[in-house]
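In case you want the letters, here they are:
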Amino acid sequence: MTFLKQDWLARFDGLADLPEDLREELVKGSRLVHYAAGEQIFQPGDSGDNLLMLVQGTVRVQQKSETGREVSLYRVHAGDSCVMTTACMLAYEDYSADGVAETDVEALAISRVTFDSLVARSPLFRQMVFRAFSRRITDLLTLIDDIVFQRLDVRLAARLLELAGTDDTVHATHQVLANELGTAREVISRTLADFQRRGWVEQSRGAVKITGRAGLERMARSAG
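Residues numbered from 1 in each chain as written. Predicted model: local features only at pLDDT ≥ 70, side-chain atom pairs only at ≥ 80, totals over all residues. Heavy atoms only, no water.

The chain carries the name Cyclic nucleotide-binding domain-containing protein in an unreviewed UniProt entry, which gives Pseudooceanicola albus as its organism.

Peer 1: How would you sum up the packing of aromatic side chains? Please name residues and give values.
Peer 2: Counting across every chain of the model gives 3 aromatic pairs. For the ring pair Phe 115 and Phe 125, a centre distance of 6.0 Å and an interplane angle of 75° mean the geometry is edge-to-face. Placement of Phe 115 in helix α4 (residues 112–121) and of Phe 125 in helix α5 (residues 123–149) is noted, with a sequence separation of 10 residues between them. Exposure class is identical for Phe 115 and Phe 125. Each is buried. Residues Phe 195 and Trp 200 carry aromatic rings whose centres are separated by 5.4 Å and whose planes lie at 50° to one another, so their mutual orientation is tilted. By the burial criterion, Phe 195 is buried, and Trp 200 matches it. Cation over ring: Arg 112 sits above Tyr 92, and NZ or CZ is 4.1 Å from the ring centre. (Phe/Tyr/Trp six-rings, centres within 6.5 Å; stacked < 30°, edge-to-face > 60°. Helix = DSSP H or I, 4+ residues; strand = E, 2+ residues; numbered from the N terminus. Buried < 20%, exposed > 50% of the residue type's maximum accessible area, 1.4 Å probe, protein only. Lys NZ or Arg CZ within 6 Å of the ring centre and 35° of its normal.)

Peer 1: Help me get a handle on unusual backbone geometry, residues and values and all.
Peer 2: Positive phi, close to 55°, is recorded for Tyr 92, a residue that is not glycine. Mapped onto the elements, Tyr 92 comes out in the loop between α3 (83–91) and β6 (98–101). Overall, Tyr 92 belongs to the exposed group, its relative accessible area being 56%. In the Ramachandran plot, Asp 168 falls in the positive-phi region, its phi being about 60° despite a non-glycine side chain. The topology assignment puts Asp 168 in the loop between α6 (152–163) and β8 (169–170).

Peer 1: A description of helix α8 (residues 185–197) should follow, citing residues and the corresponding values.
Peer 2: Along its 13 residues, α8 runs 18 Å from first to last C-alpha, staying within 8% of the 18 Å computed at 1.5 Å per residue. Burial in α8 covers these residues: Ile 188, Thr 191, Leu 192 and Phe 195. Seen from one end, α8 has its buried residues packed into an arc of 100°, which puts them on one side. The exposed set on the far side of α8, more than 90 degrees from its buried face, consists of Arg 190 and Arg 197. Summarising the contacts, the buried residues of α8 are in contact with α6, α7 (174–181), β9 (201–204), β10 (207–210) and α9 (213–221). Positive phi appears at Gly 199, one or two residues downstream of α8, with a value of about 85°. (Expected span 1.5 Å × (residues − 1). Arc of directions from axis to C-beta. Contact = heavy atoms within 4.5 Å.)

Peer 1: Describe the domain arrangement of the chain, listing the residues and the values that go with them.
Peer 2: It is common to give the size of an interface as the accessible area that goes away when the parts come together. Domain annotation of the chain identifies domain 1 (2–147) and domain 2 (150–221). With centres defined by C-alpha atoms, the gap from domain 1 to domain 2 works out at 30 Å. Contacts between domain 1 and domain 2 engage 9 residues on the former and 10 residues on the latter. For the pair domain 1 and domain 2, the summed buried surface comes to about 790 Å²; carbon and sulfur atoms form 36% of the total. Our count for the contact surface shared by domain 1 and domain 2 stands at 1 salt bridge. In this structure, Glu 180 and Arg 75 form a salt bridge, with 2.2 Å as the shortest nitrogen-oxygen distance. Counting the contacts that link domain 1 with domain 2 gives 2 residue pairs in polar contact (both at pLDDT 80 or more). Secondary-structure elements contributing two or more residues to the side of domain 1 that touches domain 2 are β5 (70–77) and α5. The element best represented in the side of domain 1 that touches domain 2 is β5, accounting for 4 residues. (Domains from an automatic or database assignment. Buried area = accessible area lost by both parts, 1.4 Å probe. Salt bridge = Lys/Arg side-chain N within 4 Å of Asp/Glu carboxyl O. Polar contact = N/O pair within 3.5 Å; in protein donor to acceptor, adjacent residues only side chain to side chain.)

What follows is the structure in structure tokens.
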């Protein structure tokens, strides 16, 4: 029994429950890949030849417009698979977004041959793949709803609370926050200035410190 089977498979819901022969096939058709923080993992036009499942680290998947504006679509964390990669594998299409390692990343890369075989032969594996796919599609629909219908100040308050570290500090520039929320840097700057006037945040170069959590929480809970 290899280290891959004993250790890595247990980190992903469903994989450890595969029958012995299919686990052996998965082990033989997989490899561990590493990416450094900031490294590009995939970009538009790349071929999706491996299903990526994160062992550790975080990957940010983002979309860029022709004008250069970015919006963060979702993040992949340890124990998750990348829905963009899954879509490419299922449809035999190239990537249409960017995947960037936010931290050092270790991932399990399952080859297309192995992926196709397990999807065809294993109800458990199919269920795992489509359950993760469905969950992420729901997240993307929520993102679309937020961008189209929800006020920017509400979304920014919620995102600051989500991204804040243990010291209540978000280490991100105004441009990075704009990319997170699919808006312009100037809009973020104006909204943060308003938050600062209210005593909710303090700004410094490349960082936003939360000083009025209760106010941000009220804003994040407010409607439309």
